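Structural features, examined
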Amino acid sequence: DEFASGSQMSRRRLHFLFQKLINAVCSDQRHLALFFDDLQWADDRCMELLSALMERDHLQELDDNDGTNCLFIGSFRSNETNDNLLSHFDKFEQSTSVDVTKIELGGLAKVESNNMVSEVLRLPARLTSPLNELVQRKTTGNPFHIIHFMQSLVKDSILNYSLSDKRWVWDIEAVKSTSIDKTVLELLARKLSQLPGNIVDGLKVLSCFGPKVDDTIMKYLYTSPESRNEFIACLDLAVGENILEKSGDSAYSFVHDMLKQSAYTVMSEEEKGEKHFWIGMHLIANASADTDEFNAIIFSIVDQINAANTYGVTEEASHMNFAELNLKAGKTSIDVSDFQSALSYMKAGVSLLNGWQDGEYYDMSLQLYETAALVSYLNTDIGLMQQYLEILFENAKCFEDRLHGYLVMIQSLLSNGKHVEAMKKILFILQELGESISINATPKEVYIELMSTKALLDTISPADVINGKRMADKWLRWRLRFLQLLNTPLYMLQPHAIHVTACRTVKLSVEHGFCSDSAVGLQIYGFGVLNIQNDVEECLKWNHTALSLVKSLGAKQMIPRVTTNVNILAYWKEPLQAKIESLKENHHELLMVGDLEILPLNAIHCCRQSLLCGRNLQTAQKECAALLHEMHQLRQMNALIGMISNHLSILKLIGSNYVSEEPLFRLLGNSEINSLDELLQFCKSNRLVGPTQQCYFDRLMLAFWSKNYEEAAQYAEKYSECHQTRRFPDLFQTFYQGITAFRLVRLEDEKSREWADVGKNALSKYETWVNYSDWNWENKMLLLEAESHACIGELEIAKSKFQASIGSAQKHRFVHEEGLASELFGMFYDENGNKEEAMQQYSHARSCYQKWGAFALADRLNTAS
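Residues numbered from 1 in each chain as written. Predicted model: local features only at pLDDT ≥ 70, side-chain atom pairs only at ≥ 80, totals over all residues. Heavy atoms only, no water.

Moving on, we come to the overall build of the protein. When helices and strands are counted, the protein shows 44 helices and six strands. Along the longest, intermediate and shortest principal axes, the C-alpha atoms of the protein span 115 × 75 × 45 Å. Partitioning the contacts of the protein with sequence separation of at least 6, the portion at a separation of at least 24 is 69%. With the model as given, the accessible surface of the protein reaches about 38,800 Å², and the carbon-plus-sulfur share is 49%. Looking at the protein, you have 83 positive and 113 negative side-chain charges, and the mean spots of the two groups are 2 Å apart. (Helix = DSSP H or I, 4+ residues; strand = E, 2+ residues; numbered from the N terminus. Contact = heavy atoms within 4.5 Å. Areas by Shrake-Rupley, 256 points an atom, 1.4 Å probe, with all protein chains shown as cover. Lys, Arg positive; Asp, Glu negative; His and termini not counted. Charge placed at Lys NZ, Arg CZ, Asp CG, Glu CD.)

Laid out in structure tokens, this is it:
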């Protein structure tokens, strides 16, 4: 995928697949230890993967095990690390989810080194002690150094096996006078210098490659059987010297990276450059271009050419060819989510290009700078990305040639929260593409647009969409791509305007053919008719059609995204409790494809539905905490706002001894947010409509369950004031506001009539909604009816409605609302002088709250009674 979002998805998918592998392998009965050696050589990509493995899949751990069954062991040389690597180690130590134990290993002490020498020579420790004194002093206890120093003593006949004494003997004075290299590298270099020249030459060639070389490479380096056999014979001799090890019939590697480093450092700078260039040119000459075999060794070829260039050895006449090879290697690296290597190849390619080239090399220049900008963004080097984009925009011949660059720029703006700037840029691009769209449409204009789109869709069937013609025009597909990209900033800034972009997408698709972006347009159109016309059936029909469309297109990356919206809307007809598992399953599917744009929405709904469907609050709290941690790990800050508010609501209902809220707010990385009030103010000041509404809803919910009805009424009103598009909590806001209104009617003040109208309006909505799902909405409608009749003195009818609501909630497994109905029934009896019946209802409500896990509510009833 050429686009930044697709590349990020690929990387996240890779991490998630490895997480799934770890989860599958280890369990309570089968523990796993993973050892990572020589981490000083690890690049960012490797360390990011290691971090992902250690963090693991927190949501699945709640279902499978406690996540403590895997031990990671990593080793590295502290004198060869860099700041980047150390920053990863610091993150491990600061992690709240990973227990880290740091162990520093120095040289062996005299006792340990003497045990080693004693074991090797098969002699008692008291006999080897004098020898060990010298060995330990000369090697500073480095085990690797000890081994090679002892081997050098044997080669120099200072340490010998005596047949007469039947033991190892040594000349202590000769040991004292033996010089030792200052470093292990010097020692190994001296060892290599004592080998025959042909073996050293073979080792030099081998040291120019990665950890292993097999016959795939050797057959292109040495095309004649004679030269290849001679080279292999040299390598086999090195195996006999314990310098190389052989895997299978034809793969060779150094037994230790220090040996490889030593073989490389014995060459002069000039010789290194010449050796790399000779290897690279032989591989190019002997492997047929554009074949599977050539593609299999593309990285080896480019690495050798680039390495030679760093030593000043190159061939200027071939620079354009070398630049093209770097471009190919970079794109291949992107395909396997190796963005760091891709950036290295792009930098080398641009350097070889030596400035933008027109004429026959224009297309290559365009692709190099496009891809260089993309991988700079993916490596979070925004400054470098901007440099490449400036050159691209300055030299591109036409608007079309700038489009990929614009995509990267906009992705960067959105990922950094610059929604206004991103929106302006998208609107400019759409204008250039011939698409003029108004994002400042009035509610009436949005309504007219939705109705005209509905009239158009009424002329076709879902089957026409699923099996109809496909969009082939590339310009139209570009327009749809940027229209869908516009939804992200609009959702944050002007949610109602996304219906305008959706309608335009649908109209273009009906006229010119459908593509994967059409599915998103259909879904948002569906949300629009639900939001404005309350047409649930129309909304569900086109959302399910969108899912069938992406499946028919084989758009695997899009299926979990579209499924998310289908699952979110399922509350209209399917039991709320059942959809929790669907959301959790889809969470894993989104991780599988690496879709970080829609993953937070799925996570928010998973947490919200866990709380509102009556799921045990302790279970809901654990799930929310796991998802919170994951969103923080993935740096999804906007999702954290609503999830933190939701999580604190759960804790308050539980009555947790959670003394400080500070650890949760610290996840936001904003030192100015340390309370719910500051969180709400942050959302309002940054015009974050959705998160603001979520904060108001949580305050409404807590006030409602605490029976602070006047406060609940205030927050219900504030929630409605920032309402721009239909959201799942709307149905519960209506329910809470309706019950609150009927309770406030009893105050008999000047607002009683107004409260009665609010309550009746809520009841009217539920009388409609119950037709879609009696499972989800019947008990709530019955409770609103009970309160309505109680307000006007129809006591017997109210009594029967209370009883029906309790029975319906029990039947449909809403234990929290069973408790609510019982508590309100008890208040009804209290208000009408029947204390005994009231106490029975309070007792039943308390039992329900305890089953729900809302111990704060149960304790409140204990206090009240």
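There is more to say, and it comes next.
What follows deals with a nonpolar patch on the surface. A cluster of nonpolar residues, F18, L21 and V25, forms a patch on the protein surface that exposes about 230 Å² of accessible area. Following the sequence through the fold, V25 ends up in helix α1 (residues 4-25). For V25, a relative accessible area of 32% corresponds to the partly exposed category. (Patch = residues over 30% accessible without salt bridge, like charges linked within 9 Å, V, L, I, M, F, W, Y side chains within 5 Å. Salt bridge = Lys/Arg side-chain N within 4 Å of Asp/Glu carboxyl O. Buried < 20%, exposed > 50% of the residue type's maximum accessible area, 1.4 Å probe, protein only.)

One finds L203, F482, W705, Y736 and W852 to be the most contacted residues of the largest nonpolar core, which totals 242 residues. Ranked by the residues each element gives to this core, the list is headed by helix α19 (residues 362-378), at eleven residues. Counting residues in each nonpolar core, the second largest holds 15 residues, with L123, F149, I158 and A174 among its members. (Core = buried A, V, L, I, M, F, W, Y, C linked by side-chain atoms within 4.5 Å.)

Attention now goes to the pairing of strand β3 (residues 159-162). Of the pairings in the sheet, the one linking β3 to strand β4 (residues 167-170) comprises four bridges and is antiparallel in character. Bridging from a neighbouring strand, L159 pairs with W170 of β4. Adjacent in sequence and paired antiparallel, β3 and β4 are bridged by four residues, among which K166 carries a positive phi angle near 55°. (Pairing = 2+ DSSP bridges.)

In this structure the tally under the stated criterion is 39 aromatic pairs. Each ring, one from F802 and one from F825, has its centre 5.0 Å from the other, and the planes form 15°; the classification is stacked. Taken together, the residues F802 in helix α41 (residues 795-811) and F825 in helix α42 (residues 815-831) connect sequence positions 23 residues apart. According to the relative accessible area criterion, F825 is buried, its value standing at 2%. Geometry around F704 places K707 over its ring, the cationic atom sitting 5.8 Å from the centre. (Phe/Tyr/Trp six-rings, centres within 6.5 Å; stacked < 30°, edge-to-face > 60°. Lys NZ or Arg CZ within 6 Å of the ring centre and 35° of its normal.)

Moving on, we get to the pattern of salt bridges. A complete count under the given rule lists 30 salt bridges for this structure. For E435, the salt bridge goes to R479, with nearest N and O atoms at 2.7 Å. On the criterion of sequence distance, the pair formed by E435 in the loop between α22 (419-432) and α23 (443-457) and R479 in helix α25 (residues 474-493) is long-range, its members being 44 residues apart. Residue classification places R479 among the buried residues on the basis of a relative accessible area of 14%. Between R615 and E581 there is a salt bridge, with its nearest N and O atoms 3.4 Å apart. Of this pair, R615 sits in the loop between α31 (599-612) and α32 (617-633) while E581 sits in helix α30 (residues 576-593); the two residues are 34 residues apart in sequence, bridging distant segments of the chain. A residue is classified by how much of its surface remains accessible, and R615, at 19% relative accessible area, is buried. By sharing partners, the salt bridges in this structure join E581, K584, R615 and E623 into a single network.

What follows covers unusual backbone geometry. We note that T140 has phi near 55°; this positive angle belongs to a residue other than glycine. Position of T140 relative to the elements: it lies in the loop between α6 (125-139) and α7 (143-155). Under the relative-accessibility criterion, T140 is labelled exposed at 59%. In this model, S157 sits at a positive phi of 60°, which is unusual for a non-glycine residue. Within the secondary structure, S157 sits in the loop between α7 and β3.

Attention now moves to the packing of α31 against helix α36 (residues 689-705). Where α31 contacts α36, the axes come no closer than 13 Å and their chain directions differ by 10°. On the basis of their axis angle, the class for α31 and α36 is roughly parallel. Between α31 and α36, the residues in contact are I604, R608, L611 and L612 and Q694, F697, D698 and M701, respectively. A class-by-class count of the residues in the contact of α31 with α36 yields five nonpolar, one polar and two charged. (Axes fitted to C-alpha atoms, helices over the stretch in contact; angles between N-to-C directions. Parallel < 35°, antiparallel > 145°, perpendicular 65-115°, else oblique. Nonpolar A, V, L, I, M, F, W, Y, C, P; charged D, E, K, R; others polar.)

Relative to the helices and strands, Y766 is located in helix α39 (residues 752-769). Taking the C-alpha atoms as reference points, Y766 and E597, 169 residues apart in sequence, are found 33 Å from one another. Sequence-distant contacts of Y766, that is, excluding residues within four places in its chain, are made with L731, F732, T734, F735, W777, K780, M781 and L784.

Attention now moves to the confidence of the model for the protein. Summary statistics for the protein give a mean pLDDT of 86 and a share of 92% for residues scoring 70 or more. In the model, residues 1-6 has pLDDT below 50 throughout and makes 17 contacts with residues more than four positions away in sequence or in other chains. (pLDDT = per-residue confidence, 0-100.)

Between its first and last C-alpha atoms α25 spans 29 Å; for 20 residues at 1.5 Å apiece the expected length is 28 Å, and the two agree. The largest bend in α25 amounts to roughly 25° and is located at N487, with the proline P489 lying one to four residues further along. The buried fraction of α25 amounts to 14 of the 20 residues, a majority that puts the element mostly inside the structure. For α25, the capping residue at the N-terminal end is D473, with a side-chain oxygen 2.8 Å from the backbone nitrogen of W475. (Expected span 1.5 Å × (residues − 1). Bend = angle between axes of the 7 residues up to and from the residue. Polar contact = N/O pair within 3.5 Å; in protein donor to acceptor, adjacent residues only side chain to side chain.)

This part is about the packing of helix α14 (residues 269-286) against helix α16 (residues 298-310). Helix packing geometry: the angle between the two helix axes and the distance between the axes. For the pair α14 and α16, the least separation of the axes is 8 Å and the interaxial angle reads 145°. Viewed along their axes, α14 and α16 form a crossing whose handedness is left-handed. On α16, the residues that touch G273, H276, F277, I279, G280, M281, L283 and I284 of α14 are S300, I301, Q304, I305, A307 and A308. Tallied by class, residues from the contact of α14 with α16 come to nine nonpolar, five polar and no charged. (Left-handed = near helix turned anticlockwise from the far one by under 90°.)

It is worth spelling out the side chain of N586 at this point. For N586, the position within the fold is in helix α30. Only 3.4 Å separates the side chain of N586 from the side chain of N602, close enough to count as a polar contact.

Time to look at the state of the cysteines. Taken as a whole and judged by the stated rule, the model has zero disulfides. C606 supplies the cysteine sulfur nearest to C613, a cysteine that is in no disulfide, at a spacing of 9.6 Å. Considering cysteine sulfurs only, C695 is the nearest to C722, which forms no disulfide, with 9.7 Å between them. Residue classification places C722 among the buried positions, given a relative accessible area of 16%. (Disulfide = S-S within 2.5 Å.)

Turning next to helix α18 (residues 339-353). An α-helical segment advances 3.6 residues per turn. Residues three or four places apart therefore align on the same side. In this model α18 runs 21 Å from its N-terminal to its C-terminal C-alpha over 15 residues, within 8% of the 21 Å that 1.5 Å per residue would give. For α18, the set of buried residues is F339, A342, L343, Y345, M346, A348, G349, V350, L352 and L353. A positive backbone phi angle near 60° is found at N354, which sits one or two residues after α18.

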